[in-house]
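Coordinate analysis (summary)
The primary structure of each chain is shown beneath.
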Amino acid sequence: MGLECNSKPKIVTGEYGYILEDVPHLSDYIPNLPVHSNPLQDNPAYSAVRQYFIHVDDSVPQKVVVHKDSPRGVHFRRAGPREKVYFESEDVHACIVTCGGLCPGLNTVIREIVCGLHHMYGVNRVIGINGGYRGFYSKNTVSLTPNSVNDIHKRGGTILGTSRGGHDTKKIVDSIEDRGINQVYIIGGDGTQKGAAVIFEEIKRRGLKVAVAGIPKTIDNDIPVIDKSFGFDSAVEEAERAINAAHVEATSIENGIGFVKLMGRYCGFIAMYATLASRDVDCCLIPESPFYLEGAGGLFEYIEKRLKEQGHMVIVMAEGAGQELLSEEFRTANQHDASGNKLLDDVGLWISRRIKDHFSKKRKIAINLKYIDPTYMIRAIPSNASDNVYCTLLAQSAVHGAMAGFTGFTVGLVNGRQTYIPFYRINELRNKVIITDRMWARLLSSTNQPSFLSRKQATEVDKKEHPDTQLLDDSFADGEAVTKDITC
Ligand code: F6P
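Worth saying up front: this structure is predicted, and the values here are computed from it rather than measured.

**Thoughts on the pairing of strand β17 (residues 417-422)**
Of all six residues in β17, five are buried, a share of seventy percent or more. Looking at chain direction, strand β5 (residues 73-78) and β17 are connected through two bridges and run antiparallel. Counterpart to R77 in the pairing with β17 is Y420. Bridge analysis of strand β16 (residues 409-414) against β17 gives six bridges, and the strand direction is antiparallel. In the sheet register, T410 faces β17, and the bridge partner there is I421. Connecting the antiparallel pair β16 and β17 is a turn made up of two residues, with N415 showing a positive phi of about 50 degrees.

Structure representation (C-alpha cells):
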C-alpha cells in the first residue's frame, strides 16, 4: 500500500534496562480533556471484582525467559479497563470496519465490540462500515446493536463485508469527521494496520478527539510480537480435517499419496501446526524452508522411500512454499493484489503433477495421488471455542483502550496477557517459522522428512530471512523472532 507513518515512538525507560514502548493517548495532542469515572464500577457484574481496574503502571514484558543479569527489556502497556475514561457513554459514536481476506472470528470480534461497548459502557451508537476501507466513502453504513449482532459469531466471514485496498486517508478521515465518529475499530491484517496507523496520524494532525484501535487479523499467524492471531487455532483445527481426509484416501489404496495445500503466503505456521497436531503427515513443505525435487536427498527420492516403507504418504504444503521451483513457462507475470501482496502460483498443483510424471514416466511406479485444496473452506468457517474466547478478550481490550483515551494502538496477546501495542511494532516485520528453531526440529522429527538443507545452509537461509531480527533462545521456541530496531 506504500503507507508511511511519521509519529515518533513513545518510549519510556526505567531502571535495570526497563523499556516501555507506549501507545499514544488523546491527551498527547488535545489539552485539558475532561475525564470521567469509569461506569464499570457501578456494573453489578464487575463491581465485585477485586482490583478490576488496571494499574496505570502495569506493563507486560515481551520476553519472559531472562537470565539473572539481563536487562528487563521491552514492555507493552497492559490492556484492560481504567479507573478514568475520556468519553461519556452517550457521546460515543463508534464504527467498525473489516478489511483484507477472511479469517475465522471476524464476526465474533464485531459482536464483542458492539456488546462490550453497550453492556460495559452503555454505548448505543455503533455503526458498521460496509466493504472495507472504501466503505467509508463509497457505501452506506449499517447500525449495529447487541440484538442485530447476537448470533453472528456462529457464522463465518464478516457481516460487514470486506475488500482489499481502497485506502484513501483524506476521504476516510473526512467521512469520520462528517459522521461525527469518535471511536474507530479497524480489524485487518498488516496492510490494514498500516492504513490504521496513517488514519491515526491524520486524525491527530487535524486535532480530532477520535480514538483509533486496531485488532490485528491474519489466518497466516505472521503478525510479530503477539502470541498468535485470532482464527489461527480454528484454521489449524479445520486443516486437520483435510489432512485426515488425505490420510484416509492415501491409506485406502496402494501407493496412495494425499497432498494437501494450506494457506500461508509468506509463512508456514498453519502447515507446521496442522502437521504437528495430526501426526499423520510424512512431509511438510513451507516457504521458509527451501526444498528440491530431483536427485539425492530430494522430495522424489523421499516419496519413493516412504511408499516402499509404508505403502502410502501424506504431504502438506503451505501455498507460498517452493514458488522458486516453478519453471518460467508455468510462472504467471509478477502480479500483486490490492493489498500489495504478491499473487502466488499454484505450486502445489504443479508439484503434484511433477510427482505423477516422475513416478509414471521415469520410475515406472504406479502411484495414486489425490490433491486436496481446502484453503478457502478453512478460511470461511466460524471461529472455534477457544478463538471465540480469544476474540472476546481482544474486542473488550480494544473497547477499554479506546474508552480510556488510548489511540493509535493495536491490541494483542503478549505472553498470555492482553496488551496495547503501538502500530509500528506490528507493521515493521512479518513473523516466519524459524527453521533453525526447536519447533521446526520437532516437526522434522515427527515427519521424518529430510531437511533438504545442511546445517550451514539452514543457518544461511535463516540469516537471509531474518536480517533485522535476533532469535532469543527458549522463549521463542514457537518460532517467533523479535525485532532489534525500533523504526516507525
Ligand atoms: O493473507 C492471508 C491469506 O489468507 C493468505 O494466506 C492467502 O494467500 C490470501 O489471504 C488469499 O486471499 P485472497 O484470495 O482473498 O486475496
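Text resumes after the structure shown.
**Some details on the sheet that holds strand β12 (residues 256-262)**
The four strands are arranged β13-β14-β12-β15 in an open sheet whose pairing can be described as parallel. With partners counted over all chains shown, the strands left at the sheet margins are β13 (283-285) and β15 (368-372), one partner each. For this sheet, the mean inter-axis angle between neighbouring strands, taken without regard to orientation, is 15 degrees. Contacts from helix α9 (residues 347-362) reach β12, β14 (312-318) and β15, with the element oriented near 175 degrees to β15.

**Some points on the site of the ligand**
All residues in the neighbourhood of the ligand are listed as R164, I219, D220, M263, G264, R265, E319, Y376 and R379. Contacts to the ligand include D220, whose side-chain N or O atom sits 2.8 Å from an oxygen atom. Within the backbone of G264, one N or O atom sits 3.4 Å away from an oxygen atom of the ligand. Protein burial of the ligand: of its 400 Å² of free accessible surface, 78% is covered by the chains.

**Observations concerning the domain arrangement of the protein**
Taken domain by domain, the protein holds domain 1 (10-229 + 383-427) and domain 2 (232-380). Measuring from the centre of the C-alpha atoms in domain 1 to the corresponding centre in domain 2 gives 37 Å. Listed as interface residues are 18 residues of domain 1 and, on the opposing side, 19 residues of domain 2. K228 is the partner of D233 in a salt bridge, and the nearest nitrogen-oxygen pair spans 2.7 Å. Remark: the boundary between domain 1 and domain 2 carries nine residue pairs in polar contact (both at pLDDT 80 or more).

**What to know about the pairing of strand β2 (residues 18-22)**
Of all five residues in β2, four are buried, a share of seventy percent or more. Bridge analysis of β2 against β5 gives three bridges, and the strand direction is parallel. Residue I19 lies in a different strand from β5, and its bridge partner there is V74.

**Here's the deal with the packing of helix α7 (residues 269-278) against helix α13 (residues 438-447)**
Remark: α7 packs on α13, axes separated minimally by 10 Å, with the N-to-C direction vectors making an angle of 50 degrees. Relative to α13, the element α7 lies oblique. You can see that α7 and α13 cross each other, and the crossing is left-handed. Listed contacts from α13 to M272, Y273, T275 and L276 of α7 are M439, W440, R442, L443, S446 and T447. The residue inventory of the contact of α7 with α13, partitioned by class, reads six nonpolar, three polar and one charged.

**Describing the packing of helix α2 (residues 106-121) against helix α11 (residues 385-403)**
Axis separation between α2 and α11 bottoms out at 8 Å; the angle between their running directions is 50 degrees. Accordingly, the angle class assigned to the pair α2 and α11 is oblique. The handedness of the crossing between α2 and α11 comes out as right-handed. Residues T108, V109, E112, I113, G116, L117, M120 and Y121 of α2 lie in contact with α11, whose contacting residues are N388, C391, T392, A395, Q396, V399, H400 and M403. The residue inventory of the contact of α2 with α11, partitioned by class, reads nine nonpolar, six polar and one charged.

**Notes on the side chain of S89**
Take S89: it is sitting in the loop between β6 (84-85) and β7 (94-98). With sequence-adjacent residues up to four places away left out, S89 is seen in contact with P39, Y121, G122 and V123.

**What about the layout of surface pockets?**
The calculated volume of the largest pocket comes to roughly 610 Å³. Lining the largest pocket are 40 residues, and of these R164, D220, R265, N341 and R379 lie nearest its centre. Sorting the residues of the lining of the largest pocket by element identifies α5 (190-205), α9 and α10 (375-379) as the ones contributing at least two each. By residue class, the composition of the lining of the largest pocket is 13 nonpolar, 12 polar and 15 charged. Domain assignment of the residues forming the lining of the largest pocket places at least three in each of domain 1 (10-229 + 383-427) and domain 2 (232-380).

**Regarding α11**
Counting along an α-helix, one turn takes 3.6 residues, and residues three or four places apart therefore face a common direction. Relative to the 27 Å expected for 19 residues at 1.5 Å per residue, α11 spans 27 Å between its end C-alpha atoms, a close match to the ideal helical length. Burial within α11 is extensive, with 15 of its 19 residues counted as buried. Where α11 begins, the capping side chain belongs to N384, and its oxygen is found 3.3 Å from the backbone nitrogen of S386. One or two positions beyond α11, positive phi appears at G405, with a value near 90 degrees.

**Thoughts on the pattern of salt bridges**
Two side chains bearing opposite charge may form a pair once their charged atoms approach each other closely. Counted by the stated rule, this structure contains 29 salt bridges. In this structure, the salt-bridge partner of R430 is D190, at a minimum N-O distance of 2.8 Å. Within this pair, whereas R430 is found in the loop between α12 (423-427) and α13, its partner D190 is found in helix α5, the two being separated by 240 residues in sequence. On the basis of relative accessibility, which here comes to 29%, the residue R430 falls in the partly exposed class. A relative accessible area of 27% places D190 in the partly exposed class. Residue D282 is joined to R306 by a salt bridge in which the shortest nitrogen-to-oxygen separation is 3.1 Å. One end of the pair, D282, is in the loop between α7 and β13; the other, R306, is in helix α8 (residues 299-310), with 24 residues separating them in the sequence. By relative accessible area, R306 is classed as buried at 11%. Salt bridges sharing common partners tie together K170, D174, E177, E202, R205 and R206.

Calculation notes
- Residues numbered from 1 in each chain as written.
- Predicted model: local features only at pLDDT ≥ 70, side-chain atom pairs only at ≥ 80, totals over all residues.
- Heavy atoms only, no water.
- Buried < 20%, exposed > 50% of the residue type's maximum accessible area, 1.4 Å probe, protein only.
- Helix = DSSP H or I, 4+ residues; strand = E, 2+ residues; numbered from the N terminus.
- Pairing = 2+ DSSP bridges.
- Axes fitted to C-alpha atoms, helices over the stretch in contact; angles between N-to-C directions.
- Contact = heavy atoms within 4.5 Å.
- Near = heavy atom within 4 Å.
- Polar contact = N/O pair within 3.5 Å; in protein donor to acceptor, adjacent residues only side chain to side chain.
- Areas by Shrake-Rupley, 256 points an atom, 1.4 Å probe, with all protein chains shown as cover.
- Domains from an automatic or database assignment.
- Salt bridge = Lys/Arg side-chain N within 4 Å of Asp/Glu carboxyl O.
- Parallel < 35°, antiparallel > 145°, perpendicular 65-115°, else oblique.
- Left-handed = near helix turned anticlockwise from the far one by under 90°.
- Nonpolar A, V, L, I, M, F, W, Y, C, P; charged D, E, K, R; others polar.
- 1 Å grid on protein atoms, 1.4 Å probe; cavity = no way out; pocket = protein on both sides within 12 Å on 5 of 7 lines; lining within 4 Å.
- Points joined across faces, edges and corners; volume = space filled by probe spheres on them.
- Expected span 1.5 Å × (residues − 1).

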